[in-house]
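Listed below, chain by chain, are the residues.
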Amino acid sequence: MDIYDSVVLGAGQAGLSASFHLARRGVRHLVLDADEAPGGAWQHRWDSLSMADVHGVHELPQAPGEQEARPPARDERPANRAVPAYFADYERRHDLPVLRPVRVDRVTDGPDGLLTVHAGARSLTTRTLVNATGTWSQPYVPAYPGARDFDGLQVHTRDYPGAEAFRGLRTVVVGGGASAVQLLGEVALVTETLWVTRREPVWRTDDFTPEVGRAAVALVEDRVRRGLPPASVVGVTGLSLREQERAAAALGAYDRQPMFASMEPGGVRWADGRFEAAQAVLWATGFRPAVRHLAPLRLRSPEGGIRLDHHGTTAVDDPRVQLVGYGPSASTVGANRAGRHAAVGVQRALAAGPDAADQAG
């Protein structure tokens, strides 16, 4: 039986970073990626998202003295092309052991303290696991009465087809995060929109300094240490308008309304009886961590999340498992750091031997 020291699930920023650091430490591993091409979730983002729109992509780790391969500049190139090209070049430069397309169904306990990764008819045996599956495959759409009866277009951010698909359709945009703000900035220029959120949006009026960012990440880290589901960093830092969203703001696109109570064939209705006609609903309601395949390992806490140790990557209830791109490491800079910490965690678990899971807690 062929046994790997580690298997990495996912080849986005966090997975590539973890693979790089594992390779540098001589850990025999394999990266399984569900996509047919490099690029992680970036290759699936909407065409109108340019590199100028994103907050930047942090440079992937390099060996000392190595010629740097710079991440894409913040220009007008589509992010769904520029970032995948950067990731593909990085995989080639470092000869990372990525196998694709491989979609993992579940991870189970195997014999002698090993883990078994099940992917269709294939199964792999490993001593440790680095989960880097992100969130893109788990879009979240809240359930509302009457949603199935709505006659219009319903689209989640993940499948956003571009503003032109909404032209002439009165559109309700649901969600209080950065994606909702950005997509409102596009859709409001081609049709009438209505923005609804569960909570009053918090707008940031000060500069987003490194200190503000560190404080926000610390709050998210505290949640995962307590076993709570990860929260969005943006939910902690607040929202801001970019220059390209000023035109939509002038049209009143960011005059927020409270969340409706139900949906009807021709629109949405609030608990007080108020009705607004609509022909489209854009659900900018975020994503959930893609960790269902880990369910057989019973890592979830009673609070609903997976508890991580003070390093921020090791599952408290099973130190054979590292999670990167989860919670505080969901950003590109956080994913890089998590990749390094995960590689150290893998080495720690390998040194502890097959009884590591029994010693957890």
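Residues numbered from 1 in each chain as written. Predicted model: local features only at pLDDT ≥ 70, side-chain atom pairs only at ≥ 80, totals over all residues. Heavy atoms only, no water.

K.L.:
It is not clear to me how the overall build of the chain should be interpreted in this structure. Could you clarify?
P.N.:
Counting secondary structure elements, the chain contains seven helices and 15 strands. The 361 residues of the chain split such that 48% are buried. In the chain, 67% of the contacts between residues at least 6 apart in sequence involve partners at least 24 apart. Counting every atom, the chain has about 17,000 Å² of accessible surface; 49% of that belongs to carbon and sulfur. (Helix = DSSP H or I, 4+ residues; strand = E, 2+ residues; numbered from the N terminus. Buried < 20%, exposed > 50% of the residue type's maximum accessible area, 1.4 Å probe, protein only. Contact = heavy atoms within 4.5 Å. Areas by Shrake-Rupley, 256 points an atom, 1.4 Å probe, with all protein chains shown as cover.)

K.L.:
Teacher, can you tell me more about the side chain of Thr-193 here?
P.N.:
For Thr-193, the location among the structural elements is in strand β9 (residues 193-197). Thr-193 gets classed as buried once you look at its relative accessible area, which sits at 16%. The residues touching Thr-193, leaving out its near neighbours within four places in the chain, are Thr-171, Leu-184, Val-187, Ala-188 and Ala-253.

K.L.:
Where do I start with empty space enclosed by the protein in this structure?
P.N.:
Gaps between atoms show up when a probe of the same size as a water molecule is rolled over them. Summed over all chains, the structure comprises one cavity of 30 Å³ or more. Approximately 40 Å³ is the volume found for the largest cavity. Every residue lining the largest cavity is listed: Asn-131, Thr-133, Gly-134, Pro-289, Ala-290, Val-291, Leu-323, Val-324, Gly-325 and Tyr-326. Residues that form the lining of the largest cavity fall into these classes: six nonpolar, four polar and no charged. (1 Å grid on protein atoms, 1.4 Å probe; cavity = no way out; pocket = protein on both sides within 12 Å on 5 of 7 lines; lining within 4 Å. Points joined across faces, edges and corners; volume = space filled by probe spheres on them. Nonpolar A, V, L, I, M, F, W, Y, C, P; charged D, E, K, R; others polar.)

K.L.:
I would appreciate a short explanation of the sheet that holds β9 in the present structure.
P.N.:
The strands making up a sheet associate through hydrogen bonds between their backbones, and the pairing can be parallel or antiparallel. What the five strands build is an open sheet, ordered β7-β14-β8-β9-β10; its pairing is parallel. Only two strands of the sheet have a single neighbouring strand rather than two, namely β7 (153-156) and β10 (257-258). By the bridge criterion, four bridges tie strand β8 (residues 171-174) to β9 in an arrangement that is parallel. Across the sheet, the residue bridging to Thr-171 is Thr-193, located in β9. Here helix α3 (residues 178-187) sits on the sheet and contacts β8, β9 and β14 (280-283); the angle it forms with β9, its principal contact strand, is near 170 degrees. (Pairing = 2+ DSSP bridges. Axes fitted to C-alpha atoms, helices over the stretch in contact; angles between N-to-C directions.)

K.L.:
Whenever I open this one, the packing of aromatic side chains confuses me. Can you help?
P.N.:
For any pair of aromatic rings, the description rests on two quantities: the centre-to-centre distance and the angle between the ring planes. In this structure the tally under the stated criterion is twelve aromatic pairs. Between Phe-20 and Tyr-90 the ring centres are 6.3 Å apart and the planes differ by 45 degrees, which places this aromatic pair in the tilted class. Of the two residues, Phe-20 sits in helix α1 (residues 13-24) while Tyr-90 sits in helix α2 (residues 79-94), which places them 70 residues apart along the sequence. Side by side, Phe-20 and Tyr-90 carry an identical accessibility label, which is buried. Taking 6.1 Å as the distance between ring centres and 20 degrees as the angle between the ring planes, the aromatic pair formed by Tyr-160 and Phe-166 counts as stacked. Each member of the pair, Tyr-160 as well as Phe-166, is classed as buried. The ring centre of Trp-42 lies 4.7 Å from the NZ or CZ of Arg-45, which sits over that ring. For the cation-ring pair, Arg-288 lies above Tyr-140, with the distance from its terminal atom to the ring centre recorded as 3.8 Å. (Phe/Tyr/Trp six-rings, centres within 6.5 Å; stacked < 30°, edge-to-face > 60°. Lys NZ or Arg CZ within 6 Å of the ring centre and 35° of its normal.)

K.L.:
Would you mind going over the sheet that holds strand β11 (residues 262-264) with me for this structure?
P.N.:
Sheet architecture is open: three strands sit in the order β11-β12-β13, paired in antiparallel fashion. Every other strand in the sheet has two partners, leaving β11 and β13 (275-277) as the edge strands with one partner each. Averaged over all pairs of adjacent strands, the angle between strand axes in this sheet comes to 25 degrees, irrespective of strand direction.

K.L.:
Got a minute to help me understand the side chain of Glu-245 in this structure?
P.N.:
Locating Glu-245 in the fold gives a position in the loop between α5 (233-237) and α6 (246-250). Residue classification places Glu-245 among the buried residues on the basis of a relative accessible area of 2%. Leave out the neighbours within four places in its chain, and Glu-245 touches Val-181, Gln-182, Gly-185, Ser-240 and Tyr-254.

K.L.:
Would you mind showing me how to read the environment of Pro-97 here?
P.N.:
Here Pro-97 shows up in the loop between α2 and β3 (98-99). Pro-97 sits in the partly exposed class, given a relative accessible area of 27%. A C-alpha to C-alpha distance of 9.8 Å links Pro-97 and Leu-16, two positions 81 residues apart in sequence. Setting aside anything within four residues of it in sequence, one finds Pro-97 in contact with Ser-19, His-29, Leu-30 and Val-31.

K.L.:
Would you mind going over the pairing of strand β2 (residues 29-32) with me for this structure?
P.N.:
Note on strand geometry: in a regular strand, side chains alternate between the two faces of the sheet. Here β2 shows a buried face lined by His-29 and Val-31 and a second buried face lined by Leu-30 and Leu-32. Of the crossover connections in this fold, the one passing from strand β1 (residues 3-9) over α1 to the parallel β2 is right-handed. Where β2 lies against β3, two bridges are found, and the strand directions are parallel. Bridge pairing in β3 links Leu-32 to Leu-99. (Right-handed = clockwise from strand over helix to strand, strands pointing away.)

K.L.:
So what exactly am I meant to see when it comes to a positive patch on the surface here?
P.N.:
Residues Arg-24, Arg-25, Arg-337 and Arg-340 make up a contiguous surface patch of positive charge. With respect to the helices and strands, the residue Arg-340 is situated in helix α7 (residues 332-352). Overall, Arg-340 belongs to the partly exposed group, its relative accessible area being 36%. (Patch = residues over 30% accessible without salt bridge, like charges linked within 9 Å, V, L, I, M, F, W, Y side chains within 5 Å. Salt bridge = Lys/Arg side-chain N within 4 Å of Asp/Glu carboxyl O. Lys, Arg positive; Asp, Glu negative; His and termini not counted. Charge placed at Lys NZ, Arg CZ, Asp CG, Glu CD.)

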